[in-house]
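Inside the fold
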Amino acid sequence: MRTYLLAALAATSLLGACKWTDFDDLEGETWVRSTEDPDIGSSDYAVAIAGVSTGASGGVLAVVSDDNAFFSTLEYDTDGGADVGANPVDLGTQKIGAISEPPVFATDPTGRIGLIERSITGGNFAVLFGTATAPVALEFAAAVNPAPTPDAAIFVPAGTGHDFVFAAGNSLYSIPPTGGTPVACTGMDNNSMPLQVAAMDHDGTNLWVWSKSGSLFSYPLTALTPCTGGSLPTPASAFTPAVALMPTAGARVHVAGGFAILTGHPTVTRSASVFVVQLSDLMQVGTTLTVEGLRTSTLAVLEGQTYLVLGVPDRSVKGVAAGAVDLHTFAPTSGVLDATPALSLHDAQPKSGQLFGRTVTTMTFNGSTILVVGADSEIFAYYRTTLYDHLP
């Protein structure tokens, strides 16, 4: 069922393919705005999205697209209307010829973004870096030639600013807040093997790394800039799940309270695992959650409650492989993750290959946090669900 909010929203700015709809017959309290491919020059719109709003009015979403590679913003006004921001960036002109699957892309609380790929120029990296509405392109040499494919990226606190840290090959690269020359630090994992990063996050003091070999360990943030002799210290201890899992692209580490939530899947299976690890002793909390088809995740704090958001872009909905998103309640004080979703979302008119949930994020909209879901060249902004109500 599709219900259009014409009376309340007649004056909003709408893209040609956008519509206001409720979720479906069973979720009448869920209201969502869908924005389809706005024709910015890319045929695969919104392969990655990130909320970058910093004010109390409207909202801003950073959008990475491919074929051709573009970076753009989607700007929401206070009434919920959405328009593409000024000056989308053709990444081909910025030495980024194609986007990884999934993109190595990060944002920070100040609205900055970092997108890292191998440059089309020899043994270099190319980075789109800075404020989402006016990022700049950087290019620099990798520690080895040819440049390895970047694996993960994150902004971390660094004094009064932030450093953008990304992993590629056996090294972590740290870009200063001013965007200057990065510091490359070679590392070893907890088994004294060359560092290979699948995902990472930080707790303000330590950088937590989930390696491709399956172990979770940490490096002090102070060891990154500068790293002694170009090398990171050997991790003292690590968490390794009882059933070995070597995570591949799309794995995530989410630090909340004194815990880390790990989400990831091996290369050759749809069966993904979710672990909660207590960081003080690197012991698992509760049992492993298995989610078939999980490919992406994020943490969302909605009305004071923390949720783990899981995107399953090939889940069958109404008999077609359209994709869905689950929100699981998480308690940062105890580390308890509910196995049963508090809310599940999908498109009211699912289509085969829609890829709903291929990317998930949150966005500040009119000063409140809402959920945003990416699909195949389509973005869904949820203004009201059964968990919150921020309908303009």
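Everything here concerns the structure above.
So, here is what we can say about the structure in this document. (Residues numbered from 1 in each chain as written. Predicted model: local features only at pLDDT ≥ 70, side-chain atom pairs only at ≥ 80, totals over all residues. Heavy atoms only, no water.)

For strand β16 (residues 197-202), a buried count of six out of six residues is recorded, marking the element as mostly surrounded by other parts of the structure. Examined bridge by bridge, β16 and strand β17 (residues 206-211) share five bridges and lie antiparallel to one another. By the bridge assignment for β17, Asp 201 is matched with Trp 208. Linking β16 back to β17 in an antiparallel pair, the connection comprises three residues, with Gly 204 at a positive phi of about 95°. (Buried < 20%, exposed > 50% of the residue type's maximum accessible area, 1.4 Å probe, protein only. Helix = DSSP H or I, 4+ residues; strand = E, 2+ residues; numbered from the N terminus. Pairing = 2+ DSSP bridges.)

Let's shift gears to the sheet that holds strand β11 (residues 136-141). What the four strands build is an open sheet, ordered β8-β9-β10-β11; its pairing is antiparallel. Pairing within the sheet leaves two strands with one partner each, and these edge strands are β8 (105-107) and β11. The average angle at which neighbouring strand axes cross in this sheet is 20°, direction not considered. Inspection of the sheet shows strand β9 (residues 112-118) paired to strand β10 (residues 124-131) by seven bridges, in the antiparallel sense. Within the sheet, the bridge partner assigned to Arg 118 lies in β10 and is Phe 125. (Axes fitted to C-alpha atoms, helices over the stretch in contact; angles between N-to-C directions.)

Let us look at the packing of aromatic side chains. Inspection of every chain in the model, using the stated rule, returns 16 aromatic pairs. Consider the rings of Phe 166 and Tyr 173, whose centres lie 4.9 Å apart with planes at 10°: the pair is stacked. The class of Tyr 173 is buried, set by a relative accessible area of 3%. (Phe/Tyr/Trp six-rings, centres within 6.5 Å; stacked < 30°, edge-to-face > 60°.)

This paragraph deals with the pairing of strand β2 (residues 31-36). β2 sits mainly inside the fold: five of its six residues count as buried. Bridge count for β2 against strand β33 (residues 378-385) is six bridges, and the pairing is antiparallel. By the bridge assignment, Glu 36 is partnered in β33 with Glu 378.

We now examine the state of the cysteines. Where two cysteines share a covalent bond between their sulfur atoms, that bond is called a disulfide. Scanning the model with the defined rule gives one disulfide in all. Each disulfide pairs two cysteine sulfurs, and for Cys 185 the partner residue is Cys 227, the sulfurs being separated by 2.2 Å. A torsion of -95° about the S-S bond marks the disulfide between Cys 185 and Cys 227 as left-handed. Of the two residues, Cys 185 is situated in strand β15 (residues 183-186) and Cys 227 in the loop between β18 (216-220) and β19 (252-256); the sequence distance between them amounts to 42 residues. A single burial state applies to Cys 185 and to Cys 227, both of which are buried. (Disulfide = S-S within 2.5 Å.)

Right, let's get into the pattern of salt bridges. The full count for this structure, using the stated rule, is seven salt bridges. Notably, a salt bridge pairs Arg 358 with Asp 44, separated by 3.0 Å at the nearest N-O pair. Note that Arg 358 is positioned in the loop between β30 (343-345) and β31 (359-365) and Asp 44 in strand β3 (residues 44-51), a separation of 314 residues in sequence. Neither Arg 358 nor Asp 44 differs from the other in exposure class; each is buried. Here Arg 112 makes a salt bridge to Asp 108, at a shortest N to O gap of 3.4 Å. By the burial criterion, Arg 112 is buried, and Asp 108 matches it. Overlapping salt bridges bring together Arg 270, Glu 292 and Asp 314 as one network. (Salt bridge = Lys/Arg side-chain N within 4 Å of Asp/Glu carboxyl O.)

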